[in-house]
Amino acid sequence: MSVQVELKPDWARVRFNSVEPSAEPTFADFHYFWLRHNCLCLNGCRHTATKERLIDAAVVPLEIRPLRASVETSSTDGTPAVSLVWAPIPTKDDTGKLVVSDEKEHVSLFPVEWLRENAYSFEREYSHELPPHDTALVTIDYSRYVQENGSLSEIDSVQYKAALFDKLQKYGVAVIRNRGDSTEDIIYDFIDPSADVIPTHFGRIEHLRTGNTENTNNDQLGYTNSAVRLHTDLCYAEEVPGFQFLHCIRPADVGGENYFVHAESAANYLKTEVNSRAYELLTTVPVKFDRKQANFQAQLVSPILRLSDEIDPETNERKLAQVRYSYFTQGAQTKVPFSQLREWYEAQQVWDKLLYRDDFQLKAELQAGDVVIYDNFKVLHARNGFSGPRHMAGVYLNSADLWEHLGAAKARAGSLEASA
């Protein structure tokens, strides 16, 4: 295998020359900030005479990424080298002040043997990809299952629900286009007629719009036209509904787009690719969630990332069971010692920055009749601010009811296909 370099979102993988099978490591991973800090060039990064480092780690942005990469042949000894091209960064002058270089690009050239000798992560066994961020992956067009007379045959119905089962199991969220006007009818896309929705202190069905008069305790952000940032619902409740769906009755005139992040995937990515200490703090430090309204109050203390007692046999570690994340119901942090509070806030900020990366988010602009359903244990949801009479109907569902109903449809679809 020839030398190769692969640019990942937050690090590079270098594959070394090897003859298969080989006892030598075949690849290693390198953070981009580490590579930029360890640039070997004599053009500002190393002293031209002594070859000592000049670049200060403090000036290298932790979010830095190369513009491009290639494998070159060294002009000195003809051996392979990895070339990384960067945008210029400010550096410190002889007085300690930050100055901006006039170079348009900065090139780092690393001999492959130097990378091998200085590698700190050979052949990582566990790594995680980015959360799903292509909305097409989670989208179902209901109209393709509907016959000309507007009805669904049995096979169409079970195939539609089997598709829902697959999307929710794999991605935790599904966007259903052209579903229809009746919120009550849509409820039974997801649960049996013998089951019912989960009512909350807002009511049985929430009508998320300005000027709301249908629901109780409507003194909350959802009934305004303000942006609502990424969160899970009812973090302050002992028993949290497993699923919620939003049915678009009327879109906003301007704004109001929804977006989602598969928080389980994001947490795993945080743990293995970005900052394991931040993950540790978010899974262990208790947070008080406090929903305080004029006529209602509830509190609950839990880490943002709650681990289960179940051990993953592959990693021998506890699995993530639930994400509780809600900036608008997060109470004052009183559980962290003074000397550790900054570290905990930094962990939250690392987590938050990941969630708001474009390559972490699924974005959906819902039209009248569209529906989005998501796992409230694993998926964060949000909306942009808006103008105009936007109206969404929100409904909570029990996870067991949903999986029983969709699972039965999935099984029935399989048997119908087998007998066809």
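What you see is a predicted model, and the numbers here were worked out from it, not measured in a lab. (Residues numbered from 1 in each chain as written. Predicted model: local features only at pLDDT ≥ 70, side-chain atom pairs only at ≥ 80, totals over all residues. Heavy atoms only, no water.)

Q: Can you break down the sheet that holds strand E1 (residues 4-7) residue by residue, with the values?
A: Paired through backbone hydrogen bonds, the strands of a sheet run either parallel or antiparallel to each other. The sheet built from three strands is open, its strands ordered E1-E2-E3 with antiparallel pairing. For this open sheet the edge positions go to E1 and strand E3 (27-31), each flanked by a neighbour on one side alone. Between one strand axis and the next, the sheet turns through 20° on average, direction left out of account. The pairing of strand E2 (residues 11-15) with E3 spans five bridges and is classified as antiparallel. From the neighbouring strand, valine 14 faces E3, where its bridge partner is alanine 28. (Pairing = 2+ DSSP bridges. Helix = DSSP H or I, 4+ residues; strand = E, 2+ residues; numbered from the N terminus. Axes fitted to C-alpha atoms, helices over the stretch in contact; angles between N-to-C directions.)

Q: Could you give me a rundown of the sheet that holds strand E4 (residues 68-73), with the residues and numbers involved?
A: Read from one edge of the open sheet, three strands run E4-E5-E8, paired in antiparallel fashion. A strand with exactly one partner marks an edge of an open sheet, and here the two such strands are E4 and strand E8 (106-111). For this sheet, the mean angle separating the axes of adjacent strands, direction not counted, is 25°. In the sheet, E4 pairs with strand E5 (residues 80-86) via six bridges, with the strands oriented antiparallel. Looking at the pairing, glutamate 72 lines up with alanine 81 of E5.

Q: Would you mind going over the layout of surface pockets in detail, with residue names and values included?
A: A volume near 490 Å³ is recorded for the largest pocket. What lines the largest pocket is a set of 17 residues, among which Asp10, Leu62, Glu63, Val274 and Val350 lie closest to the centre. At the level of secondary structure, the elements contributing two or more residues to the lining of the largest pocket comprise helix H1 (32-37), helix H5 (263-274) and helix H7 (338-355). The element that contributes the greatest number of residues to the lining of the largest pocket is H7, accounting for five residues. Grouping the amino acids of the lining of the largest pocket by side-chain chemistry returns seven nonpolar, three polar and seven charged. (1 Å grid on protein atoms, 1.4 Å probe; cavity = no way out; pocket = protein on both sides within 12 Å on 5 of 7 lines; lining within 4 Å. Points joined across faces, edges and corners; volume = space filled by probe spheres on them. Nonpolar A, V, L, I, M, F, W, Y, C, P; charged D, E, K, R; others polar.)

Q: Give a detailed account of the environment of leucine 300, specifying residues and quantitative values.
A: With respect to the element layout, leucine 300 can be found in strand E17 (residues 296-302). Here leucine 300 falls in the buried class, since its relative accessible area comes to 8%. Residues leucine 300 and leucine 234, 66 residues apart in the sequence, show an inter-C-alpha distance of 9.9 Å. Beyond its immediate stretch of four places on either side in the chain, leucine 300 contacts Cys235, Tyr236, Ala237, Glu238, Val287, Lys288, Phe289 and Arg324. (Buried < 20%, exposed > 50% of the residue type's maximum accessible area, 1.4 Å probe, protein only. Contact = heavy atoms within 4.5 Å.)

Q: I'd like to hear about the packing of aromatic side chains, residue by residue, with values.
A: Counted according to the given criterion, the structure contains 19 aromatic pairs. Pairwise contacts between aromatic rings join Phe30, Trp34, Phe110, Trp114 and Tyr120 into one cluster. (Phe/Tyr/Trp six-rings, centres within 6.5 Å; stacked < 30°, edge-to-face > 60°.)

Q: Hey, could you go over the packing of H5 against H7 for me, with residue numbers and the actual values?
A: Direction vectors running N to C along H5 and H7 enclose 120°, while the axes themselves pass 10 Å from each other. Comparing the axis directions of H5 and H7 gives the class oblique. H5 and H7 meet at a crossing whose hand is right-handed. Contacts between H5 and H7 involve Ala263, Ala266, Ala267, Leu270 and Val274 on the former and, on the latter, Val350, Trp351, Leu354 and Leu355. Here the contact of H5 with H7 is built from residues that sort into nine nonpolar, no polar and no charged. (Parallel < 35°, antiparallel > 145°, perpendicular 65-115°, else oblique. Left-handed = near helix turned anticlockwise from the far one by under 90°.)

Q: A description of the nonpolar core should follow, citing residues and the corresponding values.
A: In terms of nonpolar packing, the biggest core is built from 54 residues, with Val173, Phe260, Ile304, Leu305, Trp351, Leu355 and Val372 touching the most fellow members. Apart from the residues within four sequence positions on either side, leucine 305 is in contact with Ala267, Tyr279, Leu282, Thr283, Leu320, Gln322, Val323 and Trp351. (Core = buried A, V, L, I, M, F, W, Y, C linked by side-chain atoms within 4.5 Å.)

Q: Which residues make up the environment of aspartate 401, and what values do they have?
A: Residue placement: aspartate 401 occurs in helix H8 (residues 399-419). Each C-alpha atom of the pair aspartate 401 and isoleucine 191 lies 5.6 Å from the other, and the pair is 210 residues apart in sequence. Once you skip the residues sitting within four places of it in the chain, aspartate 401 turns out to touch Phe190, Ile191, Ala195 and Asp196.

Q: Lay out the pattern of salt bridges with the relevant residues and their values.
A: One pass over the full model with this rule turns up 27 salt bridges. The residue glutamate 6 makes a salt bridge to lysine 8 at a minimum N-O spacing of 3.7 Å. Each of the salt bridges in this network shares a partner with another, and the network as a whole consists of Asp10, Arg65, Arg357 and Asp359. (Salt bridge = Lys/Arg side-chain N within 4 Å of Asp/Glu carboxyl O.)

Q: Lay out empty space enclosed by the protein with the relevant residues and their values.
A: One water molecule sets the probe size; rolling that probe over the atoms shows where empty space is left. Tallied over the full model, the rule gives one cavity of 30 Å³ or more. In this structure, the largest cavity spans a volume of roughly 310 Å³. As for the largest cavity, its lining consists of 27 residues, and the residues nearest its centre are Leu208, Gly222, His231, Asp233 and His381. Within the residue set of the lining of the largest cavity, elements represented by two or more residues are strand E11 (206-208), strand E12 (228-231), strand E13 (243-250), strand E22 (379-383) and strand E24 (391-397). Considering every element that reaches the lining of the largest cavity, the biggest residue donor is E22, with three residues.

Q: Mind laying out the packing of helix H3 (residues 154-171) against H8, listing which residues take part and the relevant values?
A: Relative to each other, H3 and H8 sit at 125°, their axes nearing to 8 Å. By the angle class used here, H3 and H8 are oblique. Judged by the twist between their axes, the crossing of H3 over H8 is left-handed. Contacts between H3 and H8 involve Glu154, Ile155, Val158, Gln159, Lys161, Ala162, Leu164, Phe165, Asp166, Leu168 and Gln169 from the former and Leu402, Trp403, His405, Leu406, Gly407, Ala409, Lys410, Arg412, Ala413, Leu416 and Glu417 from the latter. Residues of the contact of H3 with H8, tallied by class, amount to 12 nonpolar, four polar and six charged.

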